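In case you want the letters, here they are:
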Amino acid sequence: QVQLVESGGGLVQPGGSLRLSCTASGNILGGYLMDWFRQAPGKQRELVAAITSDGRTNYADSVKGRFTISRDNAKNTAYLEMNSLKPEDTAVYYCHAKNTIVGIIEYWGQGTQVTVSS
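Remember, it's a predicted structure, so these values are computed and weren't measured experimentally.

Would you mind showing me how to read the pattern of salt bridges here?
Pairs can form between side chains of opposite charge whenever their charged atoms are close. Applying the stated criterion across every chain, the model contains 6 salt bridges. A salt bridge links D89 to R38; the nearest nitrogen and oxygen atoms lie 2.9 Å apart. One end of the pair, D89, is in the loop between β8 (77-82) and β9 (91-99); the other, R38, is in strand β4 (residues 32-39), and 51 residues separate them in sequence. No difference in accessibility class separates D89 from R38, as the two residues are buried. One connected set of salt bridges, linked through shared partners, spans R38, E46, R66 and D89.

Would you take a moment to explain the state of the cysteines for this structure?
Disulfides are covalent bonds that link the sulfur atoms of two cysteine residues. A complete count under the given rule lists 1 disulfide for this structure. Two residues share a disulfide in this structure: C22 and C95, whose sulfurs sit 2.0 Å from each other. A torsion of -80 degrees about the S-S bond marks the disulfide between C22 and C95 as left-handed. In this pair, C22 is assigned in strand β3 (residues 18-24) and C95 in strand β9, connecting sequence segments 73 residues apart.

Conventions we followed
- Residues numbered from 1 in each chain as written.
- Predicted model: local features only at pLDDT ≥ 70, side-chain atom pairs only at ≥ 80, totals over all residues.
- Heavy atoms only, no water.
- Salt bridge = Lys/Arg side-chain N within 4 Å of Asp/Glu carboxyl O.
- Helix = DSSP H or I, 4+ residues; strand = E, 2+ residues; numbered from the N terminus.
- Buried < 20%, exposed > 50% of the residue type's maximum accessible area, 1.4 Å probe, protein only.
- Disulfide = S-S within 2.5 Å.

Listed below in structure tokens is the structure:
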């Protein structure tokens, strides 16, 4: 029943910032981990950042200190604030939610394109 919709992607110059949003069509309760993945052409999909329902976070080394993941459970929304963007950040970014109690229950967004180029 739950669908995830991403927004906020686009074209930005190196050093710029973007804020991605992921909104769930249904309630995401305390048992869900929320995270962001990205995939560039010809490369494997990689985990960018993750956040638990109580706010614990984890980041890929490549984005640590530049990206911030957050969530607003009342709005059923997760965010990814991206600062000091680099060309290597160019990818399709996907929102993901996983039920930590029943792991087979998970949801993926459609993806949003982020392009960092001068």
